[in-house]
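What the coordinates show
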Amino acid sequence: MTPAAWSKPRELRICPSILSADFSRLGEAIAVVQRAGADFLHVDVMDAQFVPNLTFGPIVVEACRKLTSLPLDVHLMVVSPMRFLEGFARAGADHLIVHLEALPDAAAASAAARAIRDRGLRAGIAIKPGTPIERLLPILPDLDQALVMTVEPGAGGQAFLPGSEGRIARVRAAIDAQDLDCLLEVDGGIGPATIAAAARAGADTFVAGNSIFRATDPDRRGRPPDPAAALRALREALQGSGRAAKGA
Ligand code: DX5
Ligand code: ZN
């Protein structure tokens, strides 16, 4: 893939993941990142079956809906996701992302995307690091968002997996070759040290949990994390990638 393939200007979006926020002060955490120019708010739903961890359901999405006007980017790490589309749509989700691995085949993934769009929401399919990226490519024309996991789903605070750039680049090439209107989102281990590489590989939408809500800056000497400064640091790192984030 030549750099020229990425020469078209593309809007870059940063999506704080509330999984790493302090849930005892969720409203404050969301207000801070909204003021700091976050583009979407990423909400991780885990069912203790698709992944070992258990988080929350539509009630928390409904609470977030009351707290922010940001688009709610809801990532469903659940088995049989079709059961939940209606509940999360009613709760106020704007984007629903389901996992390819939670569906029997490509036809089911396309059907899930249609069912999400039929509810007036943006449809996404996520793919785990161990799933061949070729399985995602035929579905791209049916999607508004493709989510390439850059860690094993299930927990925040993990390291960006080496080898992810090649997978991102394959999806970028397929989106560009067909001139699709599909965001390329990455999720897991995104921070100031990794975001530029993900952008150069072709990602345009960056989920970040720990690097926004739990960033530890040596200059802050034990003071609590500053999500607004962390968001600025991510934008600066994106500028270093030769691509600019919106509002930077
Ligand atoms: C992991 C979740 C992520 C998580 C990312 O399974 O899908 O959205 O919040 O967290 P960080 O950015 O800390 O890797
Ligand atoms: Zn996620």
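Everything below is about the structure shown above.
Residues numbered from 1 in each chain as written. Chains lettered and ligands numbered in written order. Predicted model: local features only at pLDDT ≥ 70, side-chain atom pairs only at ≥ 80, totals over all residues. Heavy atoms only, no water.

1. Points about the sheet that holds strand β6 (residues 145–149)
Pairing is parallel in the open sheet, where eight strands are placed in the order β1-β8-β7-β6-β5-β4-β3-β2. With partners counted over all chains shown, the strands left at the sheet margins are β1 (13–16) and β2 (41–46), one partner each. Along the sheet, successive strands turn relative to each other by an average axial angle of 25°, direction set aside. The pairing of strand β3 (residues 72–77) with strand β4 (residues 95–99) spans four bridges and is classified as parallel. Residue His 75 lies in a different strand from β4, and its bridge partner there is Ile 97. Running at roughly 150° to strand β5 (residues 122–127), helix α4 (residues 106–118) makes contact with β4 and β5 of the sheet. (Pairing = 2+ DSSP bridges. Helix = DSSP H or I, 4+ residues; strand = E, 2+ residues; numbered from the N terminus. Axes fitted to C-alpha atoms, helices over the stretch in contact; angles between N-to-C directions. Contact = heavy atoms within 4.5 Å.)

2. What about unusual backbone geometry?
Located in the positive-phi region is Ser 80, a residue other than glycine, with phi close to 45°. The topology assignment puts Ser 80 in the loop between β3 and α3 (85–91). Given a relative accessible area of 39%, Ser 80 falls into the partly exposed group. (Buried < 20%, exposed > 50% of the residue type's maximum accessible area, 1.4 Å probe, protein only.)

3. Some words on the coordination of the zinc ion (ligand 2)
Within the protein, the atoms that donate to the zinc ion (ligand 2) are His 42 (NE2), Asp 44 (OD), His 75 (ND1) and Asp 187 (OD), at distances of 2.0 to 2.3 Å. Coordination at the zinc ion (ligand 2) is octahedral, judged from the six donor atoms that bind it and the angles of 70 to 170° they form at the metal. Written as a sequence motif, the donor residues of the zinc ion (ligand 2) are H-x1-D-x30-H-x111-D. Of the two residues, His 42 sits in strand β2 while His 75 sits in strand β3, which places them 33 residues apart along the sequence. Assigned by exposure class, His 42 and His 75 land together as buried. (Donors = N, O, S within 2.8 Å, 3.2 Å for Na, K, Ca; no water. Tetrahedral: all angles 85-135°; square planar, octahedral: opposite > 155°, others 65-115°.)

4. Re the pattern of salt bridges
The final tally for this structure, using the stated rule, is 10 salt bridges. Between Asp 144 and Arg 117 there is a salt bridge, and its shortest N-O distance comes to 3.0 Å. Separated by 27 residues along the polypeptide, Asp 144 in the loop between β5 and β6 and Arg 117 in helix α4 bring together distant segments of the chain. Asp 144 gets classed as buried once you look at its relative accessible area, which sits at 13%. For Arg 117, a relative accessible area of 35% corresponds to the partly exposed category. In this structure, the salt-bridge partner of Lys 128 is Glu 152, at a minimum N-O distance of 3.7 Å. (Salt bridge = Lys/Arg side-chain N within 4 Å of Asp/Glu carboxyl O.)

5. A look at the site of ligand 1
Looking at ligand 1, there are 20 residues lining it, with Ser 17, Asp 44, Gly 154, Asp 187 and Gly 209 nearest. Between Asp 187 and ligand 1, the recorded distance is 2.7 Å, taken from a side-chain N or O atom to an oxygen atom. In this structure, Gly 189 approaches ligand 1 through a main-chain N or O atom, which is 2.8 Å from an oxygen atom. Its free accessible area being 380 Å², ligand 1 has 99% of it covered by the protein chains. Among the elements of the structure, β2, β3 and β8 (205–208) are those that each provide at least two residues to the shell around ligand 1. The greatest single-element share of the shell around ligand 1, amounting to three residues, is contributed by β2. (Near = heavy atom within 4 Å. Polar contact = N/O pair within 3.5 Å; in protein donor to acceptor, adjacent residues only side chain to side chain. Areas by Shrake-Rupley, 256 points an atom, 1.4 Å probe, with all protein chains shown as cover.)

6. Points about the nonpolar core
Val 74, Leu 140, Val 171 and Phe 206 are the most contacted members of the largest nonpolar core, which totals 72 residues. Ranked by the residues each element gives to this core, the list is headed by α4, at six residues. Setting aside anything within four residues of it in sequence, one finds Val 171 in contact with Ile 133, Leu 136, Leu 137, Leu 140, Ala 146, Val 148 and Leu 184. (Core = buried A, V, L, I, M, F, W, Y, C linked by side-chain atoms within 4.5 Å.)

7. Notes on the pairing of β1
Burial along β1 is two-sided: the face carrying Arg 13 and Cys 15 and the face carrying Ile 14 and Pro 16 are both buried. Relative to β8, β1 is paired through four bridges, and the arrangement is parallel. By the bridge assignment for β8, Cys 15 is matched with Val 207.

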